[in-house]
Amino acid sequence: MGPRSRDTRKKIKKLMSSINSRSITEGKTLLFVPEQLEPVKYPSFFNSRGKYVRDVSIICYRAYAETLKENGAFGGKLSFADPLCGTGARGVRVANELPDLYDRVFLNDISPSSIALAKRSAAENGVERKCFFTQEEACAFLLTRGPGGDRFDAVDVDPFGTPSPYVDCALRATKQGGMLSVSATDTAVLCGVYPKVAQRKYLGSPLRTDYAHEIGLRLIFGLLSMTAMRFEASIMPLFCHHDMHYFRAYCLVQIGNSLSRQNEAQIGYALHCFRCAFRRIASREELASEIDKTCLNCPNCAASAMKVAGPLWAGKIQSQDFVATCAKFSELAIFKPESDLPLYYDLSEISDFMEIRTPKIADVMKELESAGHLTTRTRLNRNALRTAAPLPELQAVLARLSR
Ligand SMILES: [Zn+2]
């Protein structure tokens, strides 16, 4: 240990003496976290229930780097930025658990006590040399990486509540071809309890349906995409999921006018008929007139029968290749393959709607598959499936199996 690192350790020790902390192990990493068990914003934000979400993240960061390798685009090690790092759980884990892939990890937080804990965790895992700590407001930190600067290969925005105030700066700080991931914990807003708030924060309307969580994720991708288009950039969704109050969305960021135009074509709407539970995706052009909102499933619906969610990301919300790469490095069920069919059906809600008992999901899948309809489960809801079967056919299967 050289005199400089002895000095640093002394400083950390002094700062630490004023903070009540304990150590925990998450993944392969020892972390120092505040004494409080429940998430608190101050003095140092750490959410122990976020462990699973961070486990999933580590696999996604790895899959991103491995994809670059497969494409011959891995030019040495990568940089990772956590602009709202809290006590540094995410960043320190990246430095410690993905040492051959990420060699510069930037941890930023406005709170001095959070940074003190993050520094201690980094030192304890022997990764302090590759961790760079700053104490700035998140956007001020991100914008130190302008077009002339060295943008980050991967950026993760993990705020308390909505990521909306940070997406502009985060997109600007991500390299061409880099990966941006964001969290949102304002579940009630994204799931349609506060539609006005969603319109302000996500530029689109949510809808309280059985697939409200998918709408929420599409609103997040929609916001990212609509923000990126302002400066001729684009996004491509790689992966998304939610866990309790946590929404997570991962995307590739690319810069260029033609990609930005292609992004624009992916912005659309989700339409839902509350009379019959029919749902569909519609492009902006399709929704140009009122008549286009007519439900295609119930002929006697009034023209205004379908309710509209959006504007939102109407394209694919995952890359099947990316998910397959994740599955190479993880046994987690969340990385099982899933079809791209939009707007899943929650079987218990559809059955309630039909006033029947909910059949077993495996039986329903078997019936739909044997009738030749592409059908998969979804990582977004364990009681739901995605199917190419028309709604009346799904309902007939449910009715038959519920007897
Ligand atoms: Zn209808």
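In what follows, the structure referred to is the one given above.
All values reported here derive from a predicted model rather than from experimental measurement.

Rules of the game
Residues numbered from 1 in each chain as written. Predicted model: local features only at pLDDT ≥ 70, side-chain atom pairs only at ≥ 80, totals over all residues. Helix = DSSP H or I, 4+ residues; strand = E, 2+ residues; numbered from the N terminus. Contact = placed C-beta atoms within 7 Å. Buried ≥ 20, exposed ≤ 12 C-beta atoms within 10 Å, placed from the backbone. Pairing = 2+ DSSP bridges. Axes fitted to C-alpha atoms, helices over the stretch in contact; angles between N-to-C directions. Parallel < 35°, antiparallel > 145°, perpendicular 65-115°, else oblique. Left-handed = near helix turned anticlockwise from the far one by under 90°. Nonpolar A, V, L, I, M, F, W, Y, C, P; charged D, E, K, R; others polar. Core = buried A, V, L, I, M, F, W, Y, C linked by C-beta atoms within 7 Å. Domains from an automatic or database assignment. Right-handed = clockwise from strand over helix to strand, strands pointing away.

For the chain, the count of helices and strands is 14 helices and 15 strands. For the chain, the share of sequence-separated contacts (at least 6 apart) that also reach a separation of at least 24 residues comes to 67%.

Counting buried residues in helix H3 (residues 89-97) gives eight out of nine residues, a clear majority hidden from the surface. For H3, the complete set of buried residues consists of Ala-89, Arg-90, Gly-91, Val-92, Arg-93, Val-94, Ala-95 and Asn-96.

Moving on, we come to the pairing of strand E9 (residues 246-255). Both strand E7 (residues 174-184) and E9 contribute to a ladder of seven bridges, which runs antiparallel. Residue pairing for E9: Ala-184 is matched across the bridge by Phe-247. As defined by bridge partners, strand E8 (residues 233-243) adjoins E9 across 10 bridges and the pair is classed as antiparallel. Each bridged residue has a counterpart across the sheet, and for Met-236 the counterpart in E9 is Leu-252. With antiparallel pairing between neighbouring strands as the criterion, E8 and E9 make up a hairpin whose turn holds two residues, including Met-244 at a positive phi of roughly 50°.

Describing two packed helices takes the angle between their axes plus the distance from one axis to the other. The contact between helix H13 (residues 361-370) and helix H14 (residues 391-402) brings their axes to 10 Å, and the two run at 130°. By the angle between their directions, the pair H13 and H14 is classed as oblique. Considering only the axes of H13 and H14, their crossing is right-handed. Mapping the contact onto sequence places Asp-363, Val-364, Glu-367 and Leu-368 in H13 and Leu-394, Val-397, Leu-398 and Leu-401 in H14. Considering only residue class, the contact of H13 with H14 consists of six nonpolar, no polar and two charged.

With that settled, consider the environment of Gly-161. Among the secondary structure elements, Gly-161 is positioned in the loop between strand E6 (152-157) and helix H6 (167-173). For Gly-161, a count of 13 C-beta atoms within 10 Å translates into the label partly exposed. Once the C-alpha coordinates of Gly-161 and Ala-184 are considered, the two residues, 23 residues apart in sequence, prove to be 5.6 Å apart. Ignoring any residue separated from it by four or fewer positions in sequence, one finds Gly-161 in contact with Thr-185 and Asp-186.

Time to look at the sheet that holds strand E14 (residues 375-378). Strand order across the open sheet formed by three strands is E13-E15-E14, with antiparallel pairing between neighbours. Edge positions in the sheet fall to strand E13 (345-346) and E14, since each of these pairs with one other strand and no more. Note that E13 and strand E15 (residues 381-387) share two bridges and pair antiparallel. Note that in E15 the partner of Tyr-345 across the bridge is Leu-385. Lying over the sheet, H13 contacts E14 and E15, oriented at roughly 5° with respect to E15.

Here the focus is the nonpolar core. If you look at the biggest cluster of nonpolar residues, it comprises 106 residues, and the most contacted ones within it are Cys-60, Phe-80, Ala-170, Ile-220, Phe-221, Ala-249 and Cys-251. The leading source of residues in this core is helix H9 (residues 212-230), at nine residues. Lining this core are residues from two domains, each supplying at least three of them: domain 1 (10-265) and domain 2 (344-403). Apart from residues lying up to four places away in sequence, Cys-60 is in contact with Ser-181, Phe-239, Tyr-250 and Cys-326.

For the rest of this paragraph, the subject is the sheet that holds strand E10 (residues 267-273). Strand order in the open sheet made by the three strands is E11-E10-E12, with antiparallel pairing throughout. Either end of the sheet is taken by a strand with one partner, and the two such strands are strand E11 (279-283) and strand E12 (306-313). Looking at each pair of strands side by side, their axes are set apart by 25° on average, direction ignored. Taken together, the six bridges between E10 and E12 define a ladder with antiparallel strand orientation. The partner of Ala-270 across the bridge, within E12, is Ala-309.

In this structure, strand E4 (residues 102-108) lies alongside strand E5 (residues 131-134), joined through four bridges in parallel fashion. Of the residues in E5, the one forming a bridge with Leu-107 is Phe-133. Following the chain from E4 across helix H4 (residues 112-124) to the adjacent parallel E5, one finds a crossover that is right-handed.

Relative to each other, helix H12 (residues 347-354) and H14 sit at 80°, their axes nearing to 11 Å. On the basis of their axis angle, the class for H12 and H14 is roughly perpendicular. Facing H12, whose interface residues are Leu-347, Ile-350, Ser-351 and Met-354, H14 presents Gln-395, Leu-398, Ala-399 and Ser-402. Split by residue class, the contact of H12 with H14 holds five nonpolar, three polar and no charged.

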